[in-house]
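# Tertiary structure, described
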Amino acid sequence: MSLLLVRHGQASFGAADYDQLSERGQVQSRRLGDWLAQGGHRFEAVVVGGMRRHAQTAQGVVDAFAERGLSLPEIVSNPGFAEFDHQAVFGAFVERNAHSPVVLASRSGQPRDIAAMLQGALLAWARDELPGMPETWEAFGDRVRQAGQGLQALAGDGEVLVLSSGGVISRLAQMALDVPVERAVELNLSLRNSAVSEFHPHGPRLRLGSWNALPHLHGQRELWTYY
């Protein structure tokens, strides 16, 4: 039994509406579908987290399978796999730390500077230093855990494909590896768009089989993106 959890294709970072795939994200998603279909993956269930970027990534997979005359199960939306409200978390951190070096540096737009700001925001959220969030770090982890536990029944002896986001997948990895929040944040920031991570049920918890793989983008480094 395998559970393939995929971070969505590149979304529209910096645009007024983040929650839709960029042109590059659409290419990543279609190549993901091509690789899955050609590799013989056949799924007992396909689950999305409910964001448009999740559904659009799934559509790239559906199109690739359909082109080969292959069908997929009807896509199921599960809000347990929805991403946390990143605008609330990052916005609150920037507002509370407007003059901090990490926030000021992030205005450069350079990936390393942005990543440092995101790391600071996620750690502040995890440590309950951002009051008034729509969802606490603990509550987010609880719903992700419950959603992950429900996958075993869907899989049977086969495979399940889940199209979700980096926060969700990294929290599942944190639980599987039993590592502290600092490592969970690092795992989150390491996930590339459309990357495949494999989990396996192991008693009441999931076990991590592989992490952050991009076999479908081999030889196309220009398609490797983080946001």
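Quick summary incoming for the structure in this document.

Next up on the list: the pairing of strand 6 (residues 205-213). As paired elements, strand 5 (residues 196-202) and strand 6 share 6 bridges and run antiparallel to each other. Across the sheet, the residue bridging to E198 is S210, located in strand 6. Counting the residues in the hairpin turn of strand 5 and strand 6 gives 2 residues, including G203, whose phi is positive at 65 degrees.

This brings us to the pattern of salt bridges. Under the definition given, this model contains 9 salt bridges. Among the salt bridges present, the one from R127 reaches E182, with a minimum N-O distance of 3.2 Å. One end of the pair, R127, is in the loop between helix 5 (111-126) and helix 6 (137-149); the other, E182, is in helix 9 (residues 181-190), with 55 residues separating them in the sequence. Looking at R127, the relative accessible area reads 42%, which means it is partly exposed. Taking the shortest distance from any N to any O, the salt bridge between R183 and E186 comes out at 2.9 Å.

Moving on: the packing of aromatic side chains. Scanning all chains against the criterion turns up 5 aromatic pairs. Note on F84 and F140: the rings are 5.5 Å apart at their centroids and 75 degrees apart in plane angle, and the pair reads as edge-to-face. Note that F84 is positioned in the loop between strand 3 (76-77) and helix 3 (86-96) and F140 in helix 6, a separation of 56 residues in sequence. Both residues of the pair, F84 and F140, belong to the buried class. For the ring pair W125 and W137, a centre distance of 5.3 Å and an interplane angle of 85 degrees mean the geometry is edge-to-face. Placement of W125 in helix 5 and of W137 in helix 6 is noted, with a sequence separation of 12 residues between them. Assessed through its relative accessible area of 2%, W125 is described here as buried. Look at W137 and you get buried, because its relative accessible area is 9%. Among the aromatic side chains, those forming a connected cluster through ring pairs are F84, F90, W125, W137 and F140. The ring centre of W137 lies 4.0 Å from the NZ or CZ of R171, which sits over that ring. It is R192 that lies over the ring of W224; its NZ or CZ is 4.8 Å from the centre.

Cut-off values and rules
Residues numbered from 1 in each chain as written. Predicted model: local features only at pLDDT ≥ 70, side-chain atom pairs only at ≥ 80, totals over all residues. Heavy atoms only, no water. Pairing = 2+ DSSP bridges. Helix = DSSP H or I, 4+ residues; strand = E, 2+ residues; numbered from the N terminus. Salt bridge = Lys/Arg side-chain N within 4 Å of Asp/Glu carboxyl O. Buried < 20%, exposed > 50% of the residue type's maximum accessible area, 1.4 Å probe, protein only. Phe/Tyr/Trp six-rings, centres within 6.5 Å; stacked < 30°, edge-to-face > 60°. Lys NZ or Arg CZ within 6 Å of the ring centre and 35° of its normal.

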